[in-house]
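Structural characterization, general
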Amino acid sequence: MTLVYAGLTSHAPGMTGRAHMVENTNERDLLYAALDQQRQEIQDSGAEALIVVAAEHFANFFMDNMPAYCIGIGEYHVGPIEDPAWLKIEKTTIPGAPALAGAIAQEVLQSVDIAYAEEWKCDHGIMVPLHFLTPKYDLPIIPMNINCQGPPLTPLSRAWAFGEAVRRACDASSSKIALIGTGGISHWPATPDSGKINEAWDREFLDRLTRQDKAALLSYTDSETYQDAGQGGFEIRTHIAAAAAAGGPCHVQFYTANLPIFAVGCTVARFSVH
Ligand SMILES: [Fe+2]
């Protein structure tokens, strides 16, 4: 077993870019403390590479050619694509793990028809988590994307199957690998409702993760999610894939809906890896 860590984190650009606009600075600092604990846990796991299961926002893929799943197997990745002055993250080059990523992609292909990319541009969906979790950008990263933006979207059951396939691939490797699923729960980014958070829906989703209730996790329909959790809610696919990869219950280490300037309920969680 070489998946040594699995967790979840939010990736809202406000977490870095609008940090100075927060009124509830105590809540913000509690979030940052939870992220720093997550950083420490990943470091303590001895991970030699970090898989980031993300939901990119048209950084690499657009409607002319939208893979349901893609794994980045390049030697390096670059980001952020956003204005560094806006995101408050400097442009940088992040090491990849081409041999390991290629082996993982080959193994995942045994059961899931993924795409792969030797070039990868990271948007806030990856850069914000890395800013907190690997701030020196010295841990090799394997980006993985699930299309959560442009319908038709992959079914939740397939996101689960993807997570299981990634886990099988990790277990077939001799490397120590950590995995983070990153996305919002309910949120309405880039819409007039930006800043709205359905806390009850978020807590119900997190409860289903905590209970390892696979049937309940896979029972959301996209129309229900869109209505209750916004188009940003489609990103639950990243969390579901991470849950499937971990194989154990989720422990929510931090959640708050009290930072609306970040436009998402901010979550930090860790799975037991079984
Ligand atoms: Fe997102």
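Here goes a summary of the coordinates provided.

Conventions used here
- Residues numbered from 1 in each chain as written.
- Predicted model: local features only at pLDDT ≥ 70, side-chain atom pairs only at ≥ 80, totals over all residues.
- Heavy atoms only, no water.
- Axes fitted to C-alpha atoms, helices over the stretch in contact; angles between N-to-C directions.
- Helix = DSSP H or I, 4+ residues; strand = E, 2+ residues; numbered from the N terminus.
- Parallel < 35°, antiparallel > 145°, perpendicular 65-115°, else oblique.
- Left-handed = near helix turned anticlockwise from the far one by under 90°.
- Contact = heavy atoms within 4.5 Å.
- Patch = residues over 30% accessible without salt bridge, like charges linked within 9 Å, V, L, I, M, F, W, Y side chains within 5 Å.
- Areas by Shrake-Rupley, 256 points an atom, 1.4 Å probe, with all protein chains shown as cover.
- Salt bridge = Lys/Arg side-chain N within 4 Å of Asp/Glu carboxyl O.
- Buried < 20%, exposed > 50% of the residue type's maximum accessible area, 1.4 Å probe, protein only.
- Pairing = 2+ DSSP bridges.
- Core = buried A, V, L, I, M, F, W, Y, C linked by side-chain atoms within 4.5 Å.

A look at the packing of helix 4 (residues 98–108) against helix 6 (residues 156–171)
Contact geometry of helix 4 with helix 6 gives a least axis separation of 8 Å together with a crossing angle of 125°. With respect to their mutual orientation, helix 4 and helix 6 come out oblique. Read as a crossing pair, helix 4 and helix 6 show a hand that is right-handed. Here Ile104, Glu107 and Val108 of helix 4 lie close against helix 6, whose contacting residues are Phe162, Ala165, Val166, Arg168 and Ala169.

What to know about a nonpolar patch on the surface
A contiguous nonpolar patch, built from Phe58, Phe62 and Met63 and spanning about 300 Å² of accessible area, is present on the exposed surface. Of the residues examined, Phe62 reaches a relative accessible area of 48% and is grouped as partly exposed.

A word on the sheet that holds strand 1 (residues 3–9)
Sheet architecture is open: eight strands sit in the order 6-3-7-2-8-1-10-9, paired in mixed fashion. Unpaired on one side and paired on the other, strand 6 (115–117) and strand 9 (250–256) mark the two borders of the sheet. Between one strand axis and the next, the sheet turns by 20° as a mean value, whatever way the strands run. Contacts from helix 5 (residues 124–133) reach strand 1, strand 2 (49–54), strand 7 (141–146) and strand 8 (177–182) within the one sheet, and its direction differs from that of strand 2 by about 140°.

Here's the deal with the pattern of salt bridges
A full pass over the atoms with the stated rule returns 10 salt bridges. For Glu41, the salt bridge identified is with Arg270, shortest N-O distance 3.5 Å. With a gap of 229 residues between them, Glu41 in helix 2 (residues 25–44) and Arg270 in strand 10 (residues 266–271) connect regions that are remote in the sequence. On the accessibility criterion, Glu41 (14% relative accessible area) is buried. Relative accessible area serves as the criterion here: at 28%, Arg270 is assigned to the partly exposed category. Via salt bridges that share partners, Glu204, Asp207, Arg208, Arg211 and Asp213 belong to a single interconnected network.

Quick word on the nonpolar core
Note that soluble globular proteins tend to have their nonpolar side chains buried in a common cluster. One finds Ile51, Val108 and Phe162 to be the most contacted residues of the largest nonpolar core, which totals 56 residues. Setting aside its immediate chain neighbours within four residues, Val108 contacts Ile71, Ile114, Phe162, Ala165, Val166 and Ala169. Listed in part, the 37 residues of the second largest apolar core include Cys70, Val128, Leu139 and Cys266.

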